[in-house]
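# Structure assessment
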Amino acid sequence: MTVVTTPPTPQRNRSLLGGRRVYRPNTKHIPVLATLALLIVMYSIGVYNYDSFGDTQVFLNIFVDNAFLLVVAVGMTFVILTGGIDLSVGAVIALTTTVAATLLTAGWPAGVVLPLVLLIGTVLGLGMGAVIHFFKVEPFIATLAGMFLARGLALLINRNSIPITNDFWTQMAQKRFRFDDGVFISLNVVIAAVVVLIAALVLAWTRFGRNVYAIGGNADSALLMGLPVGRTRIAVYTLSGFCASLGGVLYSFYTSSGYSLHGQGLELDAIAAVVIGGVLLTGGSGYVLGTVLGVLVLGLIQTIITFQGDLNSWWTRIVVGILLFAFIVLQRLVTRKAK
Amino acid sequence: MAEQLKMTGIKKVFPGVVALDDVDFRLLPGEIHALMGENGAGKSTLIKVLTGVYDIDGGDIELAGQKVRFTGPLQAQQAGISTVYQEVNLCPNLSVAENIFIGREPRKFGRIQWSEMRKRAQVSLARLDLDIDVSAQLDSYSLAIQQMVAIARATDVGTTKVLILDEPTSSLDASEVEQLFTIMRRLRDEGVAILFVSHFLDQVYEIADRMTVLRNGRLIGEYRTAELPQMQLVSKMIGKELEALEQIEEHAREATVTERGTPIVDARELGRTGAIAPFDLTIHAGEVVGLAGLLGSGRTELARLLFGADRPDHGALLIDGKPHTVKAPREAMAEGIAFSSENRRTEGIIGELTVRENMILAMQAARGWTRPIPRRKQDELVDRYVKALQIRPADPERLVRDLSGGNQQKVLLARWLITEPRLLIIDEPTRGIDVGAKAEIQRLVAQLADGGMAVLFVSAELEEVLRLSHKIEVLRDRRLVEELENGDDVDADRIMQTIAGGATT
């Protein structure tokens, strides 16, 4: 599994005030722990009920199949930590794959196409961030506009699914990292793991990361405390745009195609993963590790439904809906108790 | 002595209002300087100009002889101006240490050094005689401690030349205020220029060396505290003589309730677990009952039970002698009970509506939405109360958020008075408003009681409770500990003793 650092939890001062503090899990960790427990329970149910569910490869395939979602959800984590939301990510994936496939088909070299599509998503994110900050537009509205824009552009370029036959793309798609006992992960997983690691480090150890938490805690205070609120806010949407386009690239590796209808509703999956992972929708609390667990929960539900075989895949949605509801209620309870 | 800070001819204009008009202000190093004025006099604007939140439309700011112009709070902080605001402006979701250092964390190769930061936080809090777990989340501590953390943040930088304290004491109790003053004196002796804003005149007289008075965005003058008697200061602040203030002094004590019929409300062993222990309380018509106690002693909780905003889980409530379960504010309103909340902004006025709309709200709610109040009737009512309460500006169509705090409070009062309640519960009606408006609201309460209305008056200011109430209920630790008939033998000290738990009965 990926190694993720949570922000450093300082060791408790044991002698402080004669042991007045009794150990109990930090309220900030409760949602993450709950998700972890849920994950373990679900996995045990799967292993118990279905043959070969316990194979390592089955577990690794959750990462292989959801690497792009993980990358997108990491970007979304930053946005939600500031108390915002980014609805454009699914459409950015569609735009990225469509542009990449179109240009590759037209014979552009991969070395140009790859940076270009990453730039498109990043600039779109920057634009939305700027609109949100300078014109005081609600993130919901600004990114909704971004979503229509990106999806519309993708549809304008090509309505049909375009297969990608570029050598570099095919190589990347087929690249496997094999381990001793025959199990493997794809390149996508490695990229996603690197993204997760960097994000976790940034959030826990850098000023930018802490400013993200501060803004989510109280943006007005953050401003009065002299923190660069505007710059940070624009940066998180830019980052989310970048993650979305990187997710799009991974998605095009994964499907070897570009299609303007890719990633429909994916923004909601990403938001769901982040929330189930224990990030507070109002901002200011949560960890990248939680997001990883959230993505795993979503992937595991799909896997279980696949193994069950006779269930409609829409059950995934129903279960996700119920979980989302449960976790939002849990967040309410935890934050209320903290007060 | 050379000024640490010198502002000359400061002008700040908002659409339709001149907030600051040619104001001069100076701060000397090593002094505590109070900025005085009523709400809306321009104190907050001046502070925001100084801290870089607002840009100025005219004038000069000189800091230690250098001309400066700030484009944001960050620039002001870097120049050595630190601020502690009335509402704690920190991030509740971060640790204490982070709140002190965020934005200037100790780093190595861009990586925050957490242990170093915690160590330094411990040191800077130790300077304020505070020994707490700096890695705990800020909102796990009381408001008072949070305020101390804010001060630690403001004073931590060794480069602080000017420290601005905007109403820092409004959430502190007496001993915490003392502690804060000790720190302020120490910083003053270290050469920091301190600007102090407070509505508590006693505190200002205790701590300030000099003061500057503003009125209506203009400079009235700069005085040595020792040379300006309190009464004169107040008259400079409100610009008129103070007979009004003095008149109500003796009012309440003279008026004694002679006839006592059935009480309007009679709470018997009423209580709610976790909010307030079971209590007995009767309120008669024409009686002002004061609730005294520290912040968090259960004052508001008691009031909310009577109004049905919270449900009691113990005891009974008799209204006009008949048992009654008040399950919701609507039912209390139907019985003629009105409740004006302490949270003016969040539970009271609706800033986006006009004065008229705000006033009509409660009455309309009582009638139900199917029977709208005719516009002519509205205008008539609103007109009457705008005049009676002297709401300024006297324009019913003005948005409430543009009014000063004191006038907002009056609008809120008017809203409930329009419903002609028999029992008016007012929670902290005078907090954060200026002396003039305070006096008017106190006088109004006295008048209402004379007119036969029962009033439950909740306030943190003992003097005010003493001045107005016939009967004082003292609360401590969410328990009603004593009921005092207000008379010559009752004074602030006596109540303080009861609150502190040292009263002998």
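For chain B, an unreviewed UniProt entry supplies the name Sugar ABC transporter ATP-binding protein and the organism Paractinoplanes pyxinae.

In the annotation of an unreviewed UniProt entry, chain A is listed under the name Sugar ABC transporter permease YjfF and assigned to Paractinoplanes pyxinae. Annotation of chain A in UniProt includes, under Subcellular location (unreviewed entry), the sentence "Cell membrane".

What follows is about the packing of aromatic side chains. Residue and element names in this part refer to chain A. Per the stated rule, a full pass over the model turns up 16 aromatic pairs over all chains. An angle of 55° between the planes, with centres 5.8 Å apart, marks the rings of Tyr43 and Phe53 as tilted. Taken together, the residues span a long stretch of sequence, with Tyr43 in helix 1 (residues 30-49) and Phe53 in the loop between helix 1 and helix 2 (56-81) at a distance of 10 residues. What makes Tyr43 partly exposed here is its relative accessible area of 23%. For the pair Phe168 and Trp169, a centre-to-centre distance of 6.1 Å together with 70° between the ring planes defines the contact as edge-to-face.

So, on to the sheet that holds strand 1 (residues 5-14) of chain B. All names here are of chain B. Ordered by their spatial adjacency, 4 strands build an open sheet running 2-1-4-5, and the pairing between neighbours is antiparallel. A single partner strand is all that each edge strand has here, and the edge strands are strand 2 (17-27) and strand 5 (66-68). In this sheet, adjacent strand axes meet at a mean angle of 30° when their direction is disregarded. The pairing of strand 4 (residues 58-63) with strand 5 spans 3 bridges and is classified as antiparallel. Its bridge partner lying in strand 5, Glu62 is registered against Lys67.

On the surface, Trp108(A), Val112(A), Leu116(A), Leu119(A), Ile120(A) and Val123(A) cluster together to form a nonpolar patch covering roughly 480 Å² of accessible area. Relative to the elements of secondary structure, Leu119(A) occurs in helix 4 (residues 110-134).

Right, let's get into the sheet that holds strand 10 (residues 193-197) of chain B. Residues and elements named next belong to chain B. Strands sit in the order 6-9-10-3-11-12 across an open sheet of 6 strands; the sheet is mixed. Both outer strands of the open sheet, strand 6 (81-84) and strand 12 (218-224), are each paired with one neighbouring strand and no more. On average, each strand axis in the sheet is inclined to that of its neighbour by 20°, with strand direction left out of account. Sheet strands touched by helix 5 (residues 143-156): strand 6 and strand 9 (162-166). Its angle to strand 6, the strand with the most contacts, is close to 175°.

Moving on: the domain arrangement of chain B. Reports of interface size often rely on the accessible area that becomes lost once the parts have come together. Residue and element names in this part refer to chain B. Annotation of chain B at the domain level lists domain 1 (5-245), domain 2 (262-336 + 422-505) and domain 3 (343-420). Measuring from the centre of the C-alpha atoms in domain 2 to the corresponding centre in domain 3 gives 24 Å. On the side of domain 3, 17 residues touch domain 2, which itself brings 18 residues to the contact. With both sides pooled, the region where domain 2 packs onto domain 3 buries about 1300 Å², and carbon together with sulfur makes up 64% of that total. Three residues stand out in domain 2 for area buried against domain 3, namely Met333, Glu440 and Leu444, and they jointly supply 33% of the buried area on that side. On inspection of domain 2 and its partner domain 3, the count reaches 1 salt bridge. Lys410 is paired through a salt bridge with Glu440; the nearest N and O atoms lie 2.8 Å apart. Applying the counting criterion to the domain 2 and domain 3 interface returns 2 residue pairs in polar contact (both at pLDDT 80 or more). Per-element tally for the side of domain 2 that touches domain 3: the top contributor is helix 17 (residues 435-450), with 5 residues. The class makeup of the residues in the side of domain 2 that touches domain 3 is 11 nonpolar, 1 polar and 6 charged.

Cut-offs and rules
Residues numbered from 1 in each chain as written. Chains lettered and ligands numbered in written order. Predicted model: local features only at pLDDT ≥ 70, side-chain atom pairs only at ≥ 80, totals over all residues. Heavy atoms only, no water. UniProt positions renumbered as here; feature names shortened; annotations may be inferred. Phe/Tyr/Trp six-rings, centres within 6.5 Å; stacked < 30°, edge-to-face > 60°. Helix = DSSP H or I, 4+ residues; strand = E, 2+ residues; numbered from the N terminus. Buried < 20%, exposed > 50% of the residue type's maximum accessible area, 1.4 Å probe, protein only. Pairing = 2+ DSSP bridges. Axes fitted to C-alpha atoms, helices over the stretch in contact; angles between N-to-C directions. Patch = residues over 30% accessible without salt bridge, like charges linked within 9 Å, V, L, I, M, F, W, Y side chains within 5 Å. Areas by Shrake-Rupley, 256 points an atom, 1.4 Å probe, with all protein chains shown as cover. Salt bridge = Lys/Arg side-chain N within 4 Å of Asp/Glu carboxyl O. Contact = heavy atoms within 4.5 Å. Domains from an automatic or database assignment. Buried area = accessible area lost by both parts, 1.4 Å probe. Polar contact = N/O pair within 3.5 Å; in protein donor to acceptor, adjacent residues only side chain to side chain. Nonpolar A, V, L, I, M, F, W, Y, C, P; charged D, E, K, R; others polar.

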